[in-house]
Amino acid sequence: MEDGYSLEKLKKEIGSDLVPSLADDISLVQMDTGTLGIAYVSMYNKVVDCFFKEEWTDCLSKCKALLDITWEYLYTGHWKDVHIVWRQAYTYVSYVKALAEFAVQCSNRCEDFHNVIRTCDMGLLMGAPALNNVLPKLASRIHKLHVSHMQKSDDFNENSDDALEISTLACESSVLISQCSANAVSVLHSSPSIEHFSTNFMVTNTPVIIKGCMDFWPALSTRHWSLNYFKQIAGYRLVPVEVGSKYTEDSWSQKLMTINEFIDLYVAKSDSSTNEPGYLAQHQLFDQITELKNDIIIPSYCGLGECDDVDINAWFGPKGTISPLHQDIKNNFLAQVVGRKYIRLYSTDYTSKLYPHSSHLLNNTSQVDVENPDLEKFPLFKDLPYLECVLSAGEMLYIPPMYWHYVRSLSTSFSVSFWWK
């Protein structure tokens, strides 16, 4: 035991529901230990032994070494070919490391837990669901403790502009709306019955905007989303951010950063002209941060699918972020929680005239810059029929499977997509 910091104290600080009581609770015995190998399993067992002996520093050191080994296996070949057991192992070791790291900090009478949060999030980003999904719960609990400590310190700063809506964009939106009138997506001003939606839109592959169907979401009512709300709930959480104007460009890259850093660098800055745009795009944020998942509600229409699985992704960024013209294989509800987006849609009937990339990686993405097309290079794109709209906060757009769509944010924006088959 280090400096009198016991397992019981750890349970009291974090919660007994998030700390294992027995070695069997975190044993690898139910996993494919044959793939992991005898040496790896032996190293992990030593980690567990140190943990229950309350040798926190030694446990932490062994966890770091084991994560380094696991990382090598995660990046051997293509990600899709990585055996799931290595991702599960990364989750297990990250969980134990986070607890040991927390204990070391408490032993040293330090209440700065940002590294512990980072360990949890790396486990969530690189690992696979395991241990009854304890890792997101642990990350949330420690984040609350960390924010509470930071609010007591002199270094705490929460001066982000709380208003996510940007009124100066009303003029641009109005112009776009007037331009959209001839090719406007159909609008329903109240939620249709499930039968009506299925018969008139899903079966016929017809895009439609549904208004009023999100009014009861906590994100739009009791827990209204704002920059300061995100910082309070998830500011120190680690997320992948796309940097660059479009994912089709060579300069595009991805970086890991906290939500605080993302907001300060890319969202709250009044002058973004000197920086590449940053976009938290197509990320399963709601599986990672359970508090935000409680702020949204899966549309009942998703129950029309062949299975219960619904992929939920976050799209959060400043004005000017772009998703190039592309198509997805699943039904899609794009729910606009904050801000406005301009969206243009093309039927799958025109796929050959939209010039998809030839590479397998981008074959669902058009080569055409929709708002500035090179008609000499892509002549068949000229005069193609399309639908368009400006999607505002509280509105949800249904995009049928394989329907081509281009998206540009007109303001600081947060959208949630629901993909389902």
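Residues numbered from 1 in each chain as written. Predicted model: local features only at pLDDT ≥ 70, side-chain atom pairs only at ≥ 80, totals over all residues. Heavy atoms only, no water.

Asker: What exactly am I supposed to notice about the sheet that holds strand β3 (residues 238–243) here?
Answerer: Strands in a sheet are paired, the pairing made by backbone hydrogen bonds, and the direction either parallel or antiparallel. Read across the open sheet, the nine strands follow the order β1-β2-β11-β8-β13-β6-β5-β3-β4; overall the sheet is mixed. Unpaired on one side and paired on the other, β1 (186–188) and β4 (253–258) mark the two borders of the sheet. Strand-to-strand, the axes of this sheet are offset by a mean angle of 25 degrees, without reference to chain direction. Bridge analysis of β1 against strand β2 (residues 208–211) gives three bridges, and the strand direction is parallel. Bridged to Ser186 within β2 is Val208. (Pairing = 2+ DSSP bridges. Helix = DSSP H or I, 4+ residues; strand = E, 2+ residues; numbered from the N terminus. Axes fitted to C-alpha atoms, helices over the stretch in contact; angles between N-to-C directions.)

Asker: Would you mind showing me how to read the packing of aromatic side chains here?
Answerer: When we look at a pair of aromatic rings, we describe it by the centre distance and by the angle of the planes. Taken as a whole and judged by the stated rule, the model has 31 aromatic pairs. When the centroid spacing of 5.4 Å and the interplanar angle of 35 degrees are considered together, the rings of Phe197 and Phe333 count as tilted. Separated by 136 residues along the polypeptide, Phe197 in helix α9 (residues 194–202) and Phe333 in strand β8 (residues 331–338) bring together distant segments of the chain. Each ring, one from Phe262 and one from Tyr266, has its centre 6.1 Å from the other, and the planes form 40 degrees; the classification is tilted. In this pair, Phe262 and Tyr266 are both assigned in helix α11 (residues 259–267), four residues apart and thus about one turn of the helix distant. (Phe/Tyr/Trp six-rings, centres within 6.5 Å; stacked < 30°, edge-to-face > 60°.)

Asker: Would you mind showing me how to read the sheet that holds strand β10 (residues 387–392) here?
Answerer: Strand order in the open sheet formed by four strands is β7-β12-β9-β10, and the pairing between neighbours is antiparallel. Two strands bound the open sheet, and with one partner strand each, they are β7 (322–326) and β10. Averaged over all neighbouring strand pairs, the angle between strand axes comes to 15 degrees, with direction disregarded.

Asker: Any chance you could explain the side chain of Ser347 here in plain terms?
Answerer: Checked against the element boundaries, Ser347 lands in the loop between β9 (340–346) and β10. Classification of Ser347 as buried rests on a relative accessible area of 15%. Leave out the neighbours within four places in its chain, and Ser347 touches Tyr403 and Trp404. (Buried < 20%, exposed > 50% of the residue type's maximum accessible area, 1.4 Å probe, protein only. Contact = heavy atoms within 4.5 Å.)

Asker: So what exactly am I meant to see when it comes to the packing of helix α10 (residues 227–234) against α11 here?
Answerer: Packed helix pairs are characterised by how far apart their axes lie and by the angle those axes make with each other. α11 packs onto α10 with a crossing angle of 155 degrees between their chain directions and a minimal axis gap of 9 Å. Taken together, α10 and α11 sit at an angle that is classed as roughly antiparallel. Residues Leu227, Phe230, Lys231 and Ala234 of α10 form the contact with α11, whose participating residues are Ile259, Asn260, Ile263, Asp264 and Val267. Taken together, the residues of the contact of α10 with α11 break down into six nonpolar, one polar and two charged. (Parallel < 35°, antiparallel > 145°, perpendicular 65-115°, else oblique. Nonpolar A, V, L, I, M, F, W, Y, C, P; charged D, E, K, R; others polar.)

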